[in-house]
Amino acid sequence: MAAQPDHSTGVAATGRAYFASAAELLAMLPDASQNDAPAALLAQHYGLDAVVAPLSSEVERTFDARAGDGRQLIFKTSARPQALDSFRFQSTVLAGLGSATGVIAPAVIPTRSGDLMFEHAQGSGYLQTRMVGLALHTVPRTPRLLYQVGEALARLNLAMKHIEAPASRRPVLWNIACWPWLVEFERYLPEGQTAQLVHSAMADYIGNIAPQIGNLDWQVTHNDPSPFNMINTGPTGIGFIDFGDGGWNPRLQDLAIAAGHFTLDPDTPLGGAEHVIAGYASLCPLSDLEAALLPGMMRARQSALVLINHWRSHLFPQDAPYIMKNVHRAERGLVVLAALDAAAGEAAVRDAATRKQPAS
């Protein structure tokens with residue numbers, strides 16, 4: 001049984017065991033063994049007549065569901081017992097966000113018995129609304145849009161701070177407790193610049209940042225606010241989907257992840273992430289420690305993304321295009337941030353945190 005992260009810091013008491021349990025989950029393809037058809041499950045547990053189509057996912061089975069009444073829904077289900085904790089976490093978080101002001105996220109559809117999810121001997125799952133809009137990876141990046149991303153993420157973090165979700169400390173390979181152990185995956189990286197930057201970033205994280213993360217503010221976080229999981233809904237703003245990697249982490253980790261995905265422009269110190277940081281800090285001001293640790297955490301999370309996805313691509317070469325969809329962005333970000341030493345990185349974050357919303 002995996003060791004549970006300590007309640008005060010979130011760091012696993014025996015990190016290697018926690019890492020091993022988390023890696024085991026991502027060493028599996030999405031469950032395709034389930035006997036029940038998704039349409040039958042929807043009819044049984046929700047009383048819905050729907051047309052379903054499979055969507056890409058890492059572990060659980062995810063379906064687009066078009067209900068007979070015209071609603072567009074997302075249905076997640078799995079026959080694996082390991083999915084139960086994840087579904088409990090996800091459905092509880094989404095239900096908790098339903099009353100949060102200014103936060104855009106899918107809504108959970110209750111089962112026929114009024115529960116957030118269903119459980120039976122053959123599996124479990126839950127149903128949610130489908131967010132309408134454009135994923136940010138398809139939208140042109142403007143300074144104003146990136147500032148709005150930061151604002152939206154801050155609102156999400158402020159709302160999630162008050163959510164007590166079950167299984168928030170379940171094994172998740174993307175959890176920060178696993179980061180020091182991800183160096184085991186370096187052998188899957190091809191030789192070259194990326195491998196060198198990843199090695200340097202993880203060494204810096206293990207030696208200089210990990211000893212301080214217990215002093216950060218910890219809470220339930222999204223843990224994967226990537227351009228694929230953020231939706232531009234138009235006038236209503238930026239929404240968030242796919243809370244499956246969420247859990248107990250430093251709040252700053254969500255900003256490090258989001259900012260790292262937009263670190264792409266070599267002509268600015270933080271590659272364009274300045275605008276995300278500015279929007280976030282306008283609602284969640286950064287402490288001195290957060291400003292000091294953020295660049296290193298960005299590099300570590302970019303490195304985690306490279307390491308995990310190269311490892312999974314080795315396991316599942318037929319799914320490599322989907323698995324590697326964010327890797328090039330992380331590699332570009334590592335190149336940009338490599339130009340900053342600790343002092344310059346902290347100075348760049350402090351400068352970014354004082355910026356006003358761009359006009360366009």
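Everything numeric here is computed off the predicted structure, so don't read it as measured data.

J.: Lay out the overall build of the protein in plain terms, naming residues and giving numbers.
T.: When you go through the protein residue by residue, the secondary structure sums to 11 helices and 11 strands. The principal-axis extents of the C-alpha atoms in the protein amount to approximately 60 × 45 × 40 Å. For the protein, buried positions account for 54% of its 360 residues. Within the protein, contacts between residues separated by at least 24 positions form 75% of all contacts whose residues are at least 6 apart in sequence.

J.: Can you break down unusual backbone geometry residue by residue, with the values?
T.: Even without glycine at this site, Asn-223 takes up a positive phi of about 75°. Within the fold, Asn-223 resides in the loop between strand S8 (218–221) and strand S9 (230–232). Even without being a glycine, Asp-242 presents a positive backbone phi close to 60°. Position of Asp-242 among the secondary structure elements: in the loop between strand S10 (238–240) and strand S11 (247–250).

J.: Describe the sheet that holds S10, and please don't skip the residues or the numbers.
T.: Taken together, three strands build an open sheet; the order of strands is S7-S9-S10 and the sheet is antiparallel. Bordering the open sheet on either side are strand S7 (134–135) and S10, each of which pairs with just one other strand. Across three bridges, the pairing between S9 and S10 is antiparallel. The residue of S10 that forms the bridge with Ile-231 is Gly-239. Running over the sheet, helix H4 (residues 143–160) touches S9 and S10 and is turned about 45° from S10.

J.: Can you tell me about the nonpolar core, naming the residues and giving the values?
T.: Within the largest apolar cluster, 102 residues are counted, with the highest numbers of intra-cluster contacts made by Leu-173 and Leu-182. With 12 residues, the top contributor of residues to this core is helix H8 (residues 288–315). Residues within four places of Leu-173 in sequence aside, it is in contact with Phe-19, Ala-22, Ala-23, Leu-26, Cys-178, Leu-182, Phe-185, Ile-308 and Trp-311.

Definitions and limits used
- Residues numbered from 1 in each chain as written.
- Predicted model: local features only at pLDDT ≥ 70, side-chain atom pairs only at ≥ 80, totals over all residues.
- Heavy atoms only, no water.
- Helix = DSSP H or I, 4+ residues; strand = E, 2+ residues; numbered from the N terminus.
- Buried < 20%, exposed > 50% of the residue type's maximum accessible area, 1.4 Å probe, protein only.
- Contact = heavy atoms within 4.5 Å.
- Pairing = 2+ DSSP bridges.
- Axes fitted to C-alpha atoms, helices over the stretch in contact; angles between N-to-C directions.
- Core = buried A, V, L, I, M, F, W, Y, C linked by side-chain atoms within 4.5 Å.

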